[in-house]
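# Understanding the architecture of this molecule
Residues per chain, in single letters:
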Amino acid sequence: MKKCLLLPLILIYTSLQALSITSPAFKPHTLIPVQYALCQADGANKRRLAADISPALNWQHLPFGTKSLTLLVADPDAPQSLHTNIKDQWIKKYSPRQTVYHWVLIDISTTLTGLPQGAGSTGYQPSGKPIGQTHYGITGKNIVSYMNKESLESLGSYKTSIQFGDYDGPCPPFNDMKKHRYQFTLYALNVPSLHLRHDGNFTGLEVIQAMKSHVLGKTMLTGLYSTNQKLLSKKQAKKLSREA
């Protein structure tokens with residue numbers, strides 16, 4: 001009799017466990033290692049290109065009725081200031097901010113329990129990265145598609161019309177006095193597809209709109225990053241230098 005009662009209790013407990021997302025690359029609210037960033041501090045109060053590899057992600061405890069997943073990697077601390085990456089012109093910590101998206105991935109199969117390292121990027125591509133269907137879902141455009149000419153030139157790109165899909169990592173301005181948060185948010189949806197364009201010509205904001213009334217649950221993993229030498233401790237700066 002006890003065994004008969006125990007099984008339903010286990011099933012109920014499992015169903016009540018919250019959706020979660022983790023990464024072996026970094027712990028919540030800690031510094032994201034430089035190999036997962038697009039840019040890094042260069043030791044001369046500026047920045048340079050980093051490895052730009054997407055971190056491994058793991059998730060579990062999908063809500064009952066989940067039919068697809070969406071992953072959005074957002075930076076809610078992108079400055080609205082036009083004076084980015086200008087020496088001695090500091091962007092104040094409490095200046096106006098906006099949200100930009102570093103990875104927009106929809107229609108992820110519920111058979112997946114995560115993404116391996118490098119699933120969204122194995123390095124920066126000056127010629128752009130395809131949008132549309134991938135092995136893991138449909139990818140939309142990320143923030144690098146909208147970066148200004150000066151920022152792209154510093155990374156080795158010169159065309160502002162290039163499109164970037166999948167993942168491109170943190171690349172905050174070196175003159176920003178705020179350490180940026182990077183939010184890896186997983187959404188469990190009650191529909192198998194969001195029915196956005198299969199060619200990937202959509203943004204993170206459009207995904208947010210399309211998901212309304214379809215979200216069964218969501219979970220977030222937050223990492224921190226900066227290219228401002230003033231915000232990095234000596235230990236962090238040395239670590240960034242070693243990992244370069």
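Numbering of residues starts from 1 in every chain and runs along the sequence as written. Selection of residues for local features in this predicted model requires a pLDDT of at least 70, selection of side-chain atom pairs for listing and counting requires 80 or more, and totals for whole chains, interfaces and linings are taken over all residues. Calculation of side-chain values draws on the structure's entire complement of heavy atoms; hydrogens and water are dropped beforehand.

## Observations concerning the sheet that holds strand β1 (residues 20-22)
- Sheet architecture is open: 3 strands sit in the order β1-β4-β7, paired in antiparallel fashion. Bordering the open sheet on either side are β1 and β7 (114-115), each of which pairs with just one other strand.
- Taken together, the 2 bridges between strand β4 (residues 57-60) and β7 define a ladder with antiparallel strand orientation. Looking across to β7, one finds that Asn58 is bridged to Gly114. Strands pair, by our definition, only if DSSP identifies at least two bridges between them. Going along the chain from the N terminus, every DSSP run of H or I of four or more residues is numbered as a helix, and every run of E of two or more is numbered as a strand.

## Regarding the side chain of Thr219
- With respect to the secondary-structure elements, Thr219 resides in strand β11 (residues 215-225).
- Any pair of N or O atoms that falls within 3.5 Å is considered a polar contact. Within protein, one atom must be able to donate a hydrogen and the other to accept it, and sequence-neighbouring residues count only if both atoms are side-chain atoms. Reaching out from Thr219, the side chain makes a polar contact with the backbone oxygen of Leu19 at a distance of 3.4 Å.
- Residues count as neighbours in contact if any of their non-hydrogen atoms are within 4.5 Å of one another. In this view, Thr219 contacts Leu19, Ser20, Ile21, Phe184, Thr185 and Leu186; residues no more than four positions away in its chain are not counted.

## So, the side chain of Thr139
- As for its placement among the helices and strands, Thr139 is situated in strand β9 (residues 138-139).
- Polar side-chain contacts of Thr139 include one of 2.7 Å to the backbone nitrogen of Asp166.

## Quick look at the packing of aromatic side chains
- Centre distance within 6.5 Å is the pairing criterion for rings of Phe, Tyr and Trp, where only the six-membered ring of Trp is used; planes under 30 degrees apart are then read as stacked, over 60 as edge-to-face, and the remainder as tilted. Per the counting criterion, the structure on display carries 3 aromatic pairs.
- Measuring from centroid to centroid gives 5.7 Å for Phe26 and Phe184, while their planes differ by 50°, and the two rings are tilted. With Phe26 in the loop between β1 and β2 (39-41) and Phe184 in strand β10 (residues 180-189), this pair connects stretches of sequence that are 158 residues apart.
- Throughout this description, buried means an accessible area under 20% of the type-specific maximum (1.4 Å probe, protein chains only), exposed means over 50%, and partly exposed covers the range between. What makes Phe26 buried here is its relative accessible area of 6%.
- Residue Phe184 is classed as buried on the basis of its relative accessible area, which comes to 1%.
- Seen in terms of ring centroids, Tyr124 and Phe164 are 5.9 Å apart; in terms of plane orientation they differ by 10°. Their pairing is stacked.

## Regarding the pattern of salt bridges
- Counted as salt bridges are all cases of a side-chain nitrogen of Lys or Arg within 4 Å of a carboxyl oxygen of Asp or Glu. All chains considered together, the criterion is met by 6 salt bridges.
- Ionic pairing is found between Asp77 and Lys178, a salt bridge with its closest N-O pair at 4.0 Å. Linking Asp77 in strand β5 (residues 68-79) with Lys178 in the loop between α2 (149-155) and β10, this pair joins segments that are 101 residues apart in sequence. For the pair formed by Asp77 and Lys178, the shared burial category is buried.
- Across the pair Arg197 and Asp199 runs a salt bridge, and its minimum N-O distance is 2.6 Å.
- With a relative accessible area of 47%, Arg197 lands in the partly exposed category.
- One network of salt bridges, with partners in common, ties together Asp52, Lys129 and Asp168.

## Observations concerning the nonpolar core
- Residues belong to a common nonpolar core when they are buried Ala, Val, Leu, Ile, Met, Phe, Trp, Tyr or Cys residues joined through side-chain atoms within 4.5 Å. By size, the foremost hydrophobic cluster in this structure holds 27 residues, and its most contacted members are Leu57, Trp59, Leu71, Trp103 and Phe184.
- Taken together, the elements giving at least two residues each to this core come down to β4, β5, β6 (97-108), β10 and β11.
- If you tally residues by element for this core, the top one is β10, at 4 residues.
- In contact with Leu57, other than residues within four places in its own chain, are Ile21, Thr22, Ser23, Leu71, Trp103, Thr113, Gly114, Leu115, Phe184 and Leu221.

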